Amino acid sequence: MPDLHNIALIGFMAVGKSAVGRNLAKRLSRRFVDLDRMIEKRSGLKVREIFESKGEPYFRELEKQTLAELLQQQDHVIATGGGVVMDDENLRLLKDKTILVCLTASTDAILARVGSGAKRPLLRGPNRRERIEELLNLRAEKYAQAHVTIDTSNLTLEQVVDQIVTAVDNFQ
Ligand code: S3P
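## Thoughts on the packing of helix H1 (residues 17–28) against helix H8 (residues 157–171)
Step number 1: The geometry of H1 relative to H8 is characterised by a closest axis approach of 10 Å and an angle of 55 degrees between their N-to-C directions. When the interaxial angle is binned, H1 and H8 end up oblique. Classified by chirality, the crossing of H8 by H1 is right-handed. Of the residues in H8, those touching H1 at Ala19, Val20, Asn23, Leu24, Arg27 and Leu28 are Leu157, Glu158, Val160, Val161, Asp162, Ile164 and Val165.

In C-alpha cells, the structure reads:
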C-alpha cells in the first residue's frame, strides 16, 4: 500500500504533468513540486543546459538524489520528468511513497503539445514522431506500473484533475 499523503505524476514528455500537478495541488490545498524545476534551482542550470554541458547520466544522478530527498516529505503533489521511471529504484520509491498517477496521450497529441521541442533535449533530431514512438516503447512497461492511469488525449485540464481527485478518493 503506498503512502497516501503524496501524489506523484509520471508520464511521457508534454502529457501535461506540470500543469495538471499545479492545478491538482491547488484543488487539494497541497504543496506542488516540479522535480525538474527543483533540479534547475539546485544546479543553477536549465535541464537543457545540464544535458548539454554535463550529459544525461549527470542529470539522472541529480534527478535520483532530488527525488529521494523529496519523497522523505509528505503531503505534496509532485510532477516528475518523463524519464524518472527508467531507474528501478526511483520507480520503487514512487510506488511505495506516493499514489502514483500516470498521464498518457496519443503520439499525435504529444507531437502537438511539444511544439518546437527546443526545451527537450531528448526530442532533438529529424524525425520527432519516430523518436517519441521509440521512447514510448522503451518506457511503456514502466509507466504501466502506476496505481492510476489517465488518458489525457481528449480531456481538458479540468477533467484530468477531476479524474485524479476521484481516483485519489477511492484510494483513501
Ligand atoms: C525527460 C523529460 C523532461 C526532462 C528531461 C528528460 C525524459 O521532463 O526531465 O528533459 O527523459 O523524458 P518533461 O517530462 O517534463 O518534459
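## A word on the nonpolar core
Step number 1: Residues Ile10, Phe12, Leu94, Val101, Leu103 and Ile164 are the most contacted members of the largest nonpolar core, which totals 52 residues.
Step number 2: Here this core takes six residues from H8, the largest share from any one element.
Step number 3: Setting aside chain neighbours within four positions, we find Leu94 in contact with Ala8, Ile10, Leu67, Leu71, Thr80, Val84 and Leu100.

## A closer look at the site of the ligand
Step number 1: Inspection of the region around the ligand gives 14 residues, with Lys17, Asp36, Arg60, Arg120 and Arg139 positioned closest.
Step number 2: One nitrogen or oxygen atom from the side chain of Lys17 is found 2.7 Å from an oxygen atom belonging to the ligand.
Step number 3: Side-chain polar atom of Arg60 to an oxygen atom of the ligand: 2.7 Å apart, as the coordinates give it.
Step number 4: Applying the majority rule of atoms within 2 Å of the grid points places the ligand in the largest pocket.
Step number 5: Where the shell around the ligand is concerned, the elements lending two or more residues are helix H3 (47–54) and helix H4 (56–70).
Step number 6: When grouped by side-chain class, the residues that make up the shell around the ligand number six nonpolar, three polar and five charged.

Conventions we followed
Residues numbered from 1 in each chain as written. Predicted model: local features only at pLDDT ≥ 70, side-chain atom pairs only at ≥ 80, totals over all residues. Heavy atoms only, no water. Axes fitted to C-alpha atoms, helices over the stretch in contact; angles between N-to-C directions. Helix = DSSP H or I, 4+ residues; strand = E, 2+ residues; numbered from the N terminus. Parallel < 35°, antiparallel > 145°, perpendicular 65-115°, else oblique. Left-handed = near helix turned anticlockwise from the far one by under 90°. Contact = heavy atoms within 4.5 Å. Core = buried A, V, L, I, M, F, W, Y, C linked by side-chain atoms within 4.5 Å. Buried < 20%, exposed > 50% of the residue type's maximum accessible area, 1.4 Å probe, protein only. Near = heavy atom within 4 Å. Polar contact = N/O pair within 3.5 Å; in protein donor to acceptor, adjacent residues only side chain to side chain. 1 Å grid on protein atoms, 1.4 Å probe; cavity = no way out; pocket = protein on both sides within 12 Å on 5 of 7 lines; lining within 4 Å. Sits in = over half its atoms within 2 Å of the grid points. Nonpolar A, V, L, I, M, F, W, Y, C, P; charged D, E, K, R; others polar.

In short, shape yes, function no, at least from these values alone.
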